2 protein chains.
Amino acid sequence: MNDRTRSRDAHLAETEVDSETVFDGKLLHVNRDRVRLPDGSITTREYIVHPGAVLMLPVRPDGKLVLVRQYRYPLRRVFLEFPAGKLDPGEDALATARRELVEEAGYTARRWTRLGVIHPLIAYSTEAIELYLAEELEHVGAKLDEGEFLEVLELSVDEMLDRLDRGEVTDAKTVTAFLLYLRRTDMLDRR
Amino acid sequence: MNDRTRSRDAHLAETEVDSETVFDGKLLHVNRDRVRLPDGSITTREYIVHPGAVLMLPVRPDGKLVLVRQYRYPLRRVFLEFPAGKLDPGEDALATARRELVEEAGYTARRWTRLGVIHPLIAYSTEAIELYLAEELEHVGAKLDEGEFLEVLELSVDEMLDRLDRGEVTDAKTVTAFLLYLRRTDMLDRR
């Protein structure tokens, strides 16, 4: 936050009084901070501390999109998603994207374009997801991590729109990336 | 999950062995489960247990969208968002939407249309967000909860698209709802 933002948003800003780690798990790290509200009163904020993630929207030379089907335990069902992955410590987003696209989907890409960034859950996570368009793909075969089970599938833009309109694609990062891609390519109103 | 889904996705599904609450905070509730993977091995899954939420996309008679600016402590800055709120225990989604639209934005709406549901963070939260279009608005004045500080603002669709294209709108639920609304109204490629 620069000085201009800080002064413009002073009537909204919350400032840290102190911070403690209240859960330090294998996957999740939860902080609880005491914060000062704009009116001077004190409250607590609990939130997940996350290293950040990337999503890859891979487009094959025939225009088909590469997706994965993966069981998501918190919601106890399989979701249709674009491949994605968490940043390793010190790893930059594009390096993560290149690594995860091979590991999960089995493709390398010669052309990478950043589509933007989204924040999936601003109420209680620091997570940011960098979105990348991956083109000029070459299939090299997936190398799943141990304990990782997923299915790779290819869908045309029309098939993906059908599934979206039927409510079958609800993963927020996937919906956002798909719609931003369609807007970019002027394909959203073509049908 | 019905029987057909279960058998079709058996090669992907993870089943609960046992479950414990490992953090029970004021806002966040974290479970850690032991789960059996498709190959029979055992691993742990940590995730937030969330009651669900609603997002309201309010459109005024002049076509302007009603948004809020709110400081989001985990990311230490103000975000531009559609009004949203968490379900109270036993409260249905539309009742929450009606309540939160008045509390946060100061509007009642005579016409409500469900736009769909999104899952903001399938990797580590059970949260689902029901998306509602709110039309035929009447301004009655906001009734913010104690300790809640936010600014209401109105933007035309073009202004919102500008901000989206400049990367100034990154809250995933807001981006998704906006693009779904534009797709619904065939406005997305008009500029």
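Residues numbered from 1 in each chain as written. Chains lettered and ligands numbered in written order. Predicted model: local features only at pLDDT ≥ 70, side-chain atom pairs only at ≥ 80, totals over all residues. Heavy atoms only, no water.

(A) Expanded view of helix H4 (residues 172-184) of chain B. Residue and element names in this part refer to chain B. Spanning 13 residues, H4 covers 18 Å between terminal C-alpha atoms, matching the ideal 18 Å at 1.5 Å per step. Counting buried positions over the 13 residues of H4 gives 12, a clear majority of the element. Residues of H4 that are buried: Ala172, Lys173, Thr174, Val175, Thr176, Ala177, Phe178, Leu179, Leu180, Tyr181, Leu182 and Arg183. Where H4 terminates, the next one or two residues include Asp186, which has phi positive at roughly 55°. (Helix = DSSP H or I, 4+ residues; strand = E, 2+ residues; numbered from the N terminus. Expected span 1.5 Å × (residues − 1). Buried < 20%, exposed > 50% of the residue type's maximum accessible area, 1.4 Å probe, protein only.)

(B) Structural detail: the pattern of salt bridges. For the structure shown, the criterion picks out 40 salt bridges over all chains. A salt bridge links Arg76(A) to Asp33(B); the nearest nitrogen and oxygen atoms lie 3.2 Å apart. Taken together, the residues span two chains, with Arg76(A) in the loop between strand S5 (65-72) and strand S6 (77-81) and Asp33(B) in strand S2 (residues 29-36). Classification of Asp33(B) as buried rests on a relative accessible area of 0%. Note that Lys173(A) is salt-bridged to Glu81(A), the shortest N-O span being 3.0 Å. Note that Lys173(A) is positioned in helix H4 (residues 172-184) and Glu81(A) in strand S6, a separation of 92 residues in sequence. (Salt bridge = Lys/Arg side-chain N within 4 Å of Asp/Glu carboxyl O.)

(C) Geometry of the interface of chain A and chain B. In this complex, chain A contributes 72 residues to the contact, which on the side of chain B involves 72 residues. For the pair chain A and chain B, the summed buried surface comes to about 6,700 Å²; carbon and sulfur atoms form 61% of the total. When the buried area of chain A at its contact with chain B is split by residue, Tyr73(A), Ile122(A) and Arg183(A) rank highest and sum to 13% of it. The interface formed by chain A and chain B holds 8 salt bridges in total. (Contact = heavy atoms within 4.5 Å. Buried area = accessible area lost by both parts, 1.4 Å probe.)

(D) The packing of helix H3 (residues 157-165) of chain B against H4(B), seen in detail. Residues and elements named next belong to chain B. Packing of H3 against H4 leaves a shortest axis separation of 12 Å and a crossing angle of 130°. In terms of orientation, H3 and H4 fall into the oblique class. In terms of crossing hand, the pair formed by H3 and H4 is left-handed. Mapping the contact onto sequence places Val157, Met160, Leu161 and Leu164 in H3 and Thr174, Val175, Phe178, Leu179, Tyr181 and Leu182 in H4. Of the residues that constitute the contact of H3 with H4, the class distribution is 9 nonpolar, 1 polar and no charged. (Axes fitted to C-alpha atoms, helices over the stretch in contact; angles between N-to-C directions. Parallel < 35°, antiparallel > 145°, perpendicular 65-115°, else oblique. Left-handed = near helix turned anticlockwise from the far one by under 90°. Nonpolar A, V, L, I, M, F, W, Y, C, P; charged D, E, K, R; others polar.)

(E) Seen up close, H3(B). Residues and elements named next belong to chain B. Among all positions of H3, only Val157, Met160, Leu161 and Leu164 are buried. Around the axis of H3, the buried residues are gathered within 100° of arc, so they sit on the same side. Downstream of H3 by one or two residues, Gly167 has phi in the positive range, about 75°. (Arc of directions from axis to C-beta.)

(F) Structural view of the pairing of strand S5 (residues 65-72) of chain B. All names here are of chain B. S5 sits mainly inside the fold: 8 of its 8 residues count as buried. Direction of pairing for S5 relative to strand S6 (residues 77-81): antiparallel, over a ladder of 5 bridges. When the sheet's bridge partners are listed, Arg69 is paired in S6 with Leu80. What sits between the antiparallel neighbours S5 and S6 is a turn of 4 residues, in which Arg76 has the positive phi angle 55°. (Pairing = 2+ DSSP bridges.)

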